[in-house]
Amino acid sequence: FKKKIYISALLSSLVLFHLLSFSQAARQGQDMKCGACRALVDEMEWAISQVDPKKMIQTGSFRINPDGSQSIREVPLARSEGNLLELMEGVCERMEDYGEVTDPSTDRKSYVRIKPRSGEAMDLSEATLDSRVTASLKFACETIVEHHEDEIIEFFAHETDNVKDKLCSKRTDLCDHALKIPHDEL
C-alpha cells in the first residue's frame, strides 16, 4: 500500500513538473513572439523616420474616369505601401541587433536593442547576448511578417500613435502582457 502511495505521489510530481515545464515553455514562446513584434514595430518606425517627410509619391489609378478626371493622390513616400513593403523585406535581419533581458520578479523575457544606430553608448549590463536567441527572434519576426503582412502595412500606412500596443496586443494578440510594459521598452 505504501509503495502504491509513493508511486502515485511520484507520478503526480512528474506530471506537475511536466505541466509547469510546458507552461514555462509556452510563456517563453509568447515572450519571443511579443518581443519580435515589438522589435519589428521599433525597427519599422525608425526606418520610416529616416525617409524625408517632404518626399511624396503618387498613388491611385492612372486611368481616366468617365468625367475626364483621374483618381490620383499624393501620399508621403515614407508611409506608402511600396516603401513599407520594401522596409519589411529587411526588418527581420535587424533582429540580430537585439539581446534578451529577463525580469527577475516575473521571469518574463523582453528584447532590447544591443547595437546602437548611431554612436550613442548603450547599457548592456542586463542583456544576454546569444546567437540562439537572435535566431529565434528572427524566425519569430519572419513568421509575424508572413502571417500579418496586411495588418502591418495597414497600421504603418495610417497609424502613428502607440503602434506597438495596437498592433502587437490588440490586433494580432501576440502580446498577452504588453500593456504592462513601459512604452519605451521592448
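This is a predicted model, so every value here is computed, not measured.

**Student:** How should the overall build of the protein be read in this particular structure?
**Tutor:** Of regular secondary structure, the protein possesses four helices and four strands. Listing every helix and strand of the protein by position from the N terminus yields α-β-β-α-β-β-α-α. The burial tally for the protein puts 35% of its 186 residues in the buried class. Considering only residue pairs separated by 6 or more positions, the protein has 59% of its internal contacts joining residues 24 or more positions apart. Accessible surface computed for the protein: about 12000 Å², of which carbon and sulfur atoms make up 54%.

**Student:** Sorry, what's going on with the pattern of salt bridges here?
**Tutor:** If the charged atoms of two oppositely charged side chains come close together, the side chains can form a pair. Scanning the entire structure with this criterion turns up eleven salt bridges. A salt bridge links Lys-115 to Asp-97, with the shortest nitrogen-to-oxygen separation between them at 3.7 Å. You can see Lys-115 sitting in the loop between β4 (109-113) and α3 (131-158) and its partner Asp-97 sitting in the loop between α2 (81-91) and β3 (98-102), a full 18 residues away along the chain. Overall, Lys-115 belongs to the partly exposed group, its relative accessible area being 41%. Through salt bridges with shared partners, a single network forms among Asp-42, Glu-43, Arg-94, Asp-97, Arg-113, Lys-115 and Arg-117.

**Student:** Honestly, the nonpolar core in this entry has me stumped. Any pointers?
**Tutor:** Within soluble globular proteins, side chains that are nonpolar generally end up buried alongside one another. Residues Leu-40, Met-44, Cys-141, Val-145, Ile-152 and Phe-156 are the most contacted members of the largest nonpolar core, which totals 35 residues. Breaking this core down by element, the ones donating at least two residues are α1 (2-49), α2, α3 and α4 (163-171). Contacts of Phe-156, omitting those with residues within four sequence positions, involve Val-41, Met-44, Glu-45, Ile-48, Arg-79, Leu-84 and Val-163.

**Student:** Got a minute to help me understand the environment of Val-112 in this structure?
**Tutor:** Tracing the backbone shows Val-112 in strand β4. The class of Val-112 is partly exposed, set by a relative accessible area of 23%. Separated by 14 residues in the primary sequence, Val-112 and Glu-126 place their C-alpha atoms 9.6 Å from one another.

**Student:** Looking at this structure, how should I read the confidence of the model for the protein?
**Tutor:** Caution applies to low-pLDDT parts of the model: their predicted coordinates are not meant to be read in detail. Averaged over every residue, the pLDDT of the protein is 80; the share at 70 or more is 78%. Residue range residues 14-26 is modelled with pLDDT below 50. Its contacts to residues more than four positions away, or to other chains, number one contact. Below a pLDDT of 50 lies the segment residues 178-186, which in the model reaches 23 contacts outside its immediate sequence neighbourhood of four places, other chains included.

**Student:** It is not clear to me how the state of the cysteines should be interpreted in this structure. Could you clarify?
**Tutor:** Two cysteines form a disulfide when their sulfur atoms are joined by a covalent bond. Within the structure shown, the criterion is met by three disulfides. A disulfide bridge connects Cys-34 with Cys-175, and the sulfur atoms are separated by 2.0 Å. The disulfide joining Cys-34 to Cys-175 has a torsion of about 105° about its S-S bond and is therefore right-handed. In this pair, Cys-34 sits in helix α1 while Cys-175 sits in the segment after α4, placing the two residues 141 residues apart along the sequence. The connectivity of the disulfides in the protein is 1-6, 2-5, 3-4, where the numbers refer to bonded cysteines in sequence order.

Conventions adopted
For every chain, the first residue of the written sequence is number 1, and numbering continues from 1 onward in sequence order. In keeping with the model being predicted, local features are shown solely for residues with a pLDDT of at least 70 and side-chain atom pairs are shown and tallied solely at 80 or more, while totals for entire chains, interfaces and linings include all residues. Computation of side-chain values: all heavy atoms of the structure, hydrogens and water removed. Each helix corresponds to a stretch of at least 4 residues labelled H or I by DSSP, and each strand to a stretch of at least 2 residues labelled E; elements are numbered beginning at the N terminus. Between buried and exposed lies partly exposed: a residue is buried under 20% and exposed over 50% of the maximum accessible area for its type, with that area taken using a 1.4 Å probe on protein chains only. By definition in these notes, contact holds between two residues if any of their heavy atoms fall within 4.5 Å. Note on areas: Shrake-Rupley, 1.4 Å probe, and residue coverage restricted to the protein chains presented here. The rule for a salt bridge is simple: a side-chain nitrogen of Lys or Arg has to be within 4 Å of a carboxyl oxygen of Asp or Glu. Definition used in this section: a nonpolar core is a set of buried Ala, Val, Leu, Ile, Met, Phe, Trp, Tyr and Cys residues joined via side-chain atoms within 4.5 Å. Residue-level confidence of the predictor is summarised by pLDDT, bounded by 0 at the bottom and 100 at the top. Working definition: a disulfide is two cysteine sulfur atoms within 2.5 Å of each other.

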